[in-house]
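Each chain, letter by letter, is given below.
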Amino acid sequence: MHDGRLRPPPLEIDGYLAAVDRCRAAYPQLRVLTGVELGQPHLVGDVAGTVDLRTLDRVVGSLHTLPVGEERAEPRGLYEDHDPADVVHAYLEEMVVMAGSGTRFDVVAHLDYAVRSWPTARAGAFDVTRFEDGFRQAMRAIARSGRALEMSAALLQPWMPRWWAEEGGRAVSFASDAHVPDALGVRSGEAVAMVEAAGFRPGARPEDLWRR
Ligand SMILES: [Zn+2]
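Just so it is clear, the model here is predicted, and its values are computed rather than measured.

About the cut-offs
Residues numbered from 1 in each chain as written. Predicted model: local features only at pLDDT ≥ 70, side-chain atom pairs only at ≥ 80, totals over all residues. Heavy atoms only, no water. Helix = DSSP H or I, 4+ residues; strand = E, 2+ residues; numbered from the N terminus. Buried < 20%, exposed > 50% of the residue type's maximum accessible area, 1.4 Å probe, protein only. Contact = heavy atoms within 4.5 Å. Areas by Shrake-Rupley, 256 points an atom, 1.4 Å probe, with all protein chains shown as cover. Lys, Arg positive; Asp, Glu negative; His and termini not counted. Charge placed at Lys NZ, Arg CZ, Asp CG, Glu CD. Pairing = 2+ DSSP bridges. Donors = N, O, S within 2.8 Å, 3.2 Å for Na, K, Ca; no water. Phe/Tyr/Trp six-rings, centres within 6.5 Å; stacked < 30°, edge-to-face > 60°. Lys NZ or Arg CZ within 6 Å of the ring centre and 35° of its normal. Right-handed = clockwise from strand over helix to strand, strands pointing away.

Trainee: Help me understand the overall build of the protein chain, please; the structure alone is not making it clear to me.
Mentor: Of the regular secondary structure elements, the protein chain holds nine helices and eight strands. Here the C-alpha coordinates of the protein chain stretch approximately 50 × 40 × 35 Å along the principal axes. Of all 212 residues assigned to the protein chain, the portion counted as buried reaches 43%. Within the protein chain, contacts between residues at least 6 apart in sequence are counted, and of these 65% link residues at least 24 apart. When the accessible surface of the protein chain is totalled, it reaches about 11200 Å², and 53% of it is carbon and sulfur. For the protein chain, the separation between the mean place of its 24 positive charges and that of its 31 negative charges on side chains is 6 Å.

In structure tokens:
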């Protein structure tokens, strides 16, 4: 679902739910929840006709691509022939639009996605203070929408939960963005400390959003 212009391939929701059921049966000591990360949810308005999002425990929305003419491209590619600062500004501006979408998603994932591929060799170390206004604007839009902001533990910096709280954010989720099992839970202790320092507290169940 990384190209918002294309109709996403239908998610095989029945097969997915059956696989989750098999995991639950195989590991009864674990509590396995269901969820999906929906890329560019503001551009896939007809996804509701493909998947009944209500059947999932959590829907995470994320922005992976930005428009380039008629196409869309990942920040990583855009950095090659655009001013890197323009790419980050464009990313944060489109996040404001995404936050205004009526598509169901409960959490906004990796707000720092464009930072991850920042071209340090060419542009120098990433300095978040240059983009503070943009990040805060995006956070205000997300907070207004009532959604939570994901705290991606492996890369989390204290400014993320602190600015989020200052801009009216009420809830956070934790994530590893682990694409391999060994990366699950990496740096989660440090991430928890940063989130607690910003005033967020856990809910009754482990999977609950943390709130302030
Ligand atoms: Zn993602």
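Trainee: I tried to follow the sheet that holds strand β5 (residues 107-108) on my own but got confused; where do I start?
Mentor: Consider a sheet: its strands pair through backbone hydrogen bonds, and that pairing is either parallel or antiparallel. Taken in spatial order, the six strands line up as β1-β2-β5-β6-β7-β8 in an open sheet, and their pairing is mixed. Since the sheet does not close on itself, it has two edges, and those belong to β1 (35-39) and β8 (210-211), each with one partner.

Trainee: I tried to follow the environment of Ser188 on my own but got confused; where do I start?
Mentor: The residue Ser188 is located in helix α9 (residues 188-197) in this model. Each C-alpha atom, one on Ser188 and one on Thr34, is 21 Å from the other, the two residues being 154 residues apart in sequence.

Trainee: Would you mind showing me how to read the coordination of the zinc ion here?
Mentor: Ideal donor angles around a metal are set by the shape: a four-donor tetrahedron calls for 109.5 degrees, a six-donor octahedron for 90 or 180 degrees. Surrounding the zinc ion are the protein donor atoms Glu37 (OE), His64 (NE2) and His110 (NE2), at 2.1 to 2.2 Å. In the primary structure, the donors to the zinc ion are separated according to the pattern E-x26-H-x45-H. Of the two residues, Glu37 is situated in strand β1 and His64 in the loop between β2 (58-62) and β3 (66-68); the sequence distance between them amounts to 27 residues. Classification of His64 by relative accessible area gives buried; the value is 5%.

Trainee: Would you mind showing me how to read the packing of aromatic side chains here?
Mentor: Aromatic ring pairs are described here by two measures, namely the spacing of the ring centres and the angle between the planes. This model, assessed by the stated rule, comprises eight aromatic pairs. Their ring planes at 45° and their centres at 4.9 Å tell us that Trp159 and Trp163 sit as a pair that is tilted. Taken together, the residues span about one helical turn, with Trp159 and Trp163 both in helix α8 (residues 159-166) at a distance of four residues. Like Trp159, the residue Trp163 is buried in the burial classification. The rings of Tyr79, Trp118, Phe126 and Phe131 are connected pair by pair, giving a single aromatic cluster. Directly above the aromatic system of Phe200 lies the positively charged group of Arg212, at a separation of 5.9 Å from the ring centroid.

Trainee: Got a minute to help me understand α8 in this structure?
Mentor: Along an α-helix, residues three or four apart share an orientation, since each turn contains 3.6 residues. In terms of burial, α8 is a largely internal element, six of the eight residues being buried. Within α8, the full set of buried residues consists of Trp159, Met160, Pro161, Trp163, Trp164 and Ala165. On the buried face of α8, the contacting elements are α7 (132-144), β6 (148-152), β7 (171-175) and α9.

Trainee: It is not clear to me how the pairing of β7 should be interpreted in this structure. Could you clarify?
Mentor: Where a strand is regular, its side chains alternate between the two sheet faces. Counting buried residues along β7, four of its five residues qualify, which places the element largely inside the surrounding structure. The pairing of β6 with β7 spans four bridges and is classified as parallel. Counted as the bridge partner of Glu150 is Ser173 from β7. The β-α-β motif built from β6, the intervening α8 and the parallel element β7 has right-handed crossover chirality. Pairing of β7 with β8 involves two bridges; the strand directions are antiparallel. Paired with Val172 across the two strands is Trp210, which belongs to β8.

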